[in-house]
Amino acid sequence: MRYLVKARLKPGRKKALLQAIKNGTLGNGSVAGDEYLHNMGQARLGQDGAAHWVEVCFCPTPLQEERPYWEEYFEFSSVKDAHARKNCRDLNGSEPWACCDCDCTRRLEERLQTDRQAVPGRAPCW
């Protein structure tokens, strides 16, 4: 399933986040691997100062495995379905692991890219 994540950087954690991105250590130890670096490369800051990104997660609870890694740096404002659950081929069982190569959130991700500033580490921002 794909989720639209909205989170605020915790006070005093910017430098540590940037260092983890730069070193490639963000999410070390997670089964999600490089997904954390990919997420930060795609994340954007809204006018409200919150970071927004689309995250792929196969856990029964949204971001169950990823949450501890993200909470080191961020406070979640919301984690919402990024598209209709009934249309998720992985979730409905018609195509296991479909979210890996799915383009179901392409329009949402394109809008995030054009509407907001990039998050640190991959493009200029905070």
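Thresholds, definitions, all that
Residues numbered from 1 in each chain as written. Predicted model: local features only at pLDDT ≥ 70, side-chain atom pairs only at ≥ 80, totals over all residues. Heavy atoms only, no water. pLDDT = per-residue confidence, 0-100. Helix = DSSP H or I, 4+ residues; strand = E, 2+ residues; numbered from the N terminus. Contact = heavy atoms within 4.5 Å. Buried < 20%, exposed > 50% of the residue type's maximum accessible area, 1.4 Å probe, protein only. Pairing = 2+ DSSP bridges.

Q: Before we go on, may I ask you to explain the confidence of the model for the protein in this structure?
A: Within the protein, residue pLDDT values average 81, and 73% of them lie at 70 or more. Model confidence for the protein, summarised as mean pLDDT per element, is weakest for strand β5 (residues 117-118) at 60 and strongest for helix α3 (residues 67-71) at 96. This model gives residues 122-126 a pLDDT under 50, and the stretch forms 19 contacts once residues within four places in sequence are excluded.

Q: Explanation requested: the pairing of strand β3 (residues 51-56) in the structure shown.
A: Of all six residues that make up β3, six are buried, and the element is covered over most of its length. Alternating residues of β3 divide into A51, W53 and E55 and H52, V54 and V56, and every residue in both groups is buried. Pairing of strand β1 (residues 2-9) with β3 involves six bridges; the strand directions are antiparallel. Bridge pairing in β3 places K6 opposite H52. Pairing between strand β2 (residues 44-45) and β3: two bridges, direction antiparallel. Directly across from R44, in β3, lies its bridge partner H52. Hairpin remark: β2 followed by β3, antiparallel, with five residues in the connecting loop; positive phi at G49, about 85°.

Q: For this particular structure, what's the right way to read helix α2 (residues 35-42)?
A: Listed as buried for α2 are Y36, L37, N39, M40 and G41. Looking at the buried side of α2, the elements it contacts are α1 (14-23), β2, β3, α3 and β4 (74-81).

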